[in-house]
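Listed below are the residues making up each chain.
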Amino acid sequence: MEAGNRRLSVDAPSVTGLHVVYRSYGGENTKGRPDFYTKRLAVISLLRAVADAGRPVELIFLNDGPIPAERLTLMERGGEILTLPSVGNKRSLLTALALPGKRRWPGRDVVWFAEDDYLYLPAAFTQLGGAADLVPKADYLALYALIGDRPPEGGRLPEWLMAPKSRWTIQPVLVAGHDWRPGLATTATFGARVEVIGTDRHAFALSLATASTWDYTASLAYQGFVPFPWNRLLSDPRPGKRSLQRRTRVAAALPGRVAVDLAAIILRRRRRLLLAADPALCTHMETAHLALGSDWSRVSTDTADWAAAHAIG
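The present account deals with the structure reproduced in this document. (Residues numbered from 1 in each chain as written. Predicted model: local features only at pLDDT ≥ 70, side-chain atom pairs only at ≥ 80, totals over all residues. Heavy atoms only, no water.)

## Points about the side chain of glutamate 286
Then, in step 1: As for its placement among the helices and strands, glutamate 286 is situated in the loop between strand 13 (282–284) and helix 9 (296–309).
Then, in step 2: Given the relative accessible area of 13%, glutamate 286 is considered buried. (Helix = DSSP H or I, 4+ residues; strand = E, 2+ residues; numbered from the N terminus. Buried < 20%, exposed > 50% of the residue type's maximum accessible area, 1.4 Å probe, protein only.)

## A word on the environment of proline 100
Then, in step 1: Mapped onto the secondary structure, proline 100 falls in helix 3 (residues 89–103).
Then, in step 2: Residue class for proline 100 comes out buried when judged on its relative accessible area of 0%.

## Considering the packing of helix 1 (residues 39–51) against helix 9
Then, in step 1: In the contact formed by helix 1 and helix 9, the axes pass within 10 Å of each other and the chain directions differ by 70°. On the basis of the axis angle, helix 1 is roughly perpendicular to helix 9. Here Leu41, Ile44, Ser45, Leu47, Arg48 and Ala51 of helix 1 come into contact with helix 9, specifically with Val299, Ser300, Asp302, Thr303, Trp306 and Ala307.
Then, in step 2: The residue inventory of the contact of helix 1 with helix 9, partitioned by class, reads seven nonpolar, three polar and two charged. (Axes fitted to C-alpha atoms, helices over the stretch in contact; angles between N-to-C directions. Parallel < 35°, antiparallel > 145°, perpendicular 65-115°, else oblique. Contact = heavy atoms within 4.5 Å. Nonpolar A, V, L, I, M, F, W, Y, C, P; charged D, E, K, R; others polar.)

## Examining the sheet that holds strand 12 (residues 274–278)
Then, in step 1: In space, the nine strands of this open sheet follow the order 3-2-1-4-11-6-12-9-8, with mixed pairing throughout. At either end of the open sheet lies a strand with only one pairing partner, and these are strand 3 (80–84) and strand 8 (173–175). Along the sheet, successive strands turn relative to each other by an average axial angle of 25°, direction set aside.
Then, in step 2: As judged from the three bridges shared by strand 8 and strand 9 (residues 178–182), these two strands associate in the antiparallel manner. Bridging from a neighbouring strand, valine 175 pairs with histidine 178 of strand 9.
Then, in step 3: Each of strand 1 (18–25), strand 2 (57–64) and strand 3 touches helix 2 (residues 69–78); the most contacted strand, strand 2, lies at about 150° to it.
Then, in step 4: Most of the contacts of helix 4 (residues 124–134) go to strand 8, to which it runs at about 135°, and overall it touches strand 1, strand 4 (110–114), strand 6 (140–142), strand 8, strand 9, strand 11 (190–193) and strand 12. (Pairing = 2+ DSSP bridges.)

## Some remarks on the pairing of strand 2
Then, in step 1: Counted residue by residue, strand 2 has seven buried out of eight residues, so it is predominantly covered.
Then, in step 2: Note: strand 1 against strand 2, eight bridges, orientation parallel. What sits directly across from leucine 18, in strand 2, is valine 57.
Then, in step 3: As paired elements, strand 2 and strand 3 share five bridges and run parallel to each other. The residue of strand 3 that forms the bridge with isoleucine 60 is glutamate 80.

Here it is as structure tokens:
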């Protein structure tokens, strides 16, 4: 599906308000992790990026259930804490997406939705705010994103993921020496204009019910790309064994897939722009998905040194 190309425009800088909603829970999963990974490191790197943002940042920690004391102490000194009663990842996300509207944040502000296993460069939020200032047409912003068919960790987009042509002419915007380009998709760690997330959050809710890589599905949908062409509505293109349970789950997701396709067609008229830092300014701390462009082991050490220098325990 081709939605028509548009060129990026850079307007006179404004000052964009920034908010961060950091979703966390106390447990761990079985993903492969680099040696330097800890959730405590993730929180500290976020606090460092907030401190270096060059503008006020409202920071809210949205915790799903109890959090270990060493992390909770960091959060208490960094921002507001909201606690959910162990509702799970999906409901935590939907709660986070509803928060900007409930707080009545200004529509052109940017809210950064963060997961708890990312490591940030110190300049991450300086860059985020600068990109939002320079490109008011940027509806969504990403510090870690798939750009074209190029994942942030390098290599190529897996063949089983549909990659529609971008409707934007790829012309980078330079923000304090760093390139920002139109992105194809990002993860559940992303930024959005408050007014945009208020309009589009149903696309995220629908994507969660599609038995797919839901964050990729949502990224396509809010840009107006139909995630499931008719010949893929009941397919499961991901590699691996096709168990009966998996086939049943995909079949049960048919209404959700049709609904998210319809949402994408409606959203196509709005022509959302996902603007992404290239190279990435944060990384998912999974061994197989560390972003290119930075020595993340060195970043982890520098982050620990920063914490020590600022008496952050």
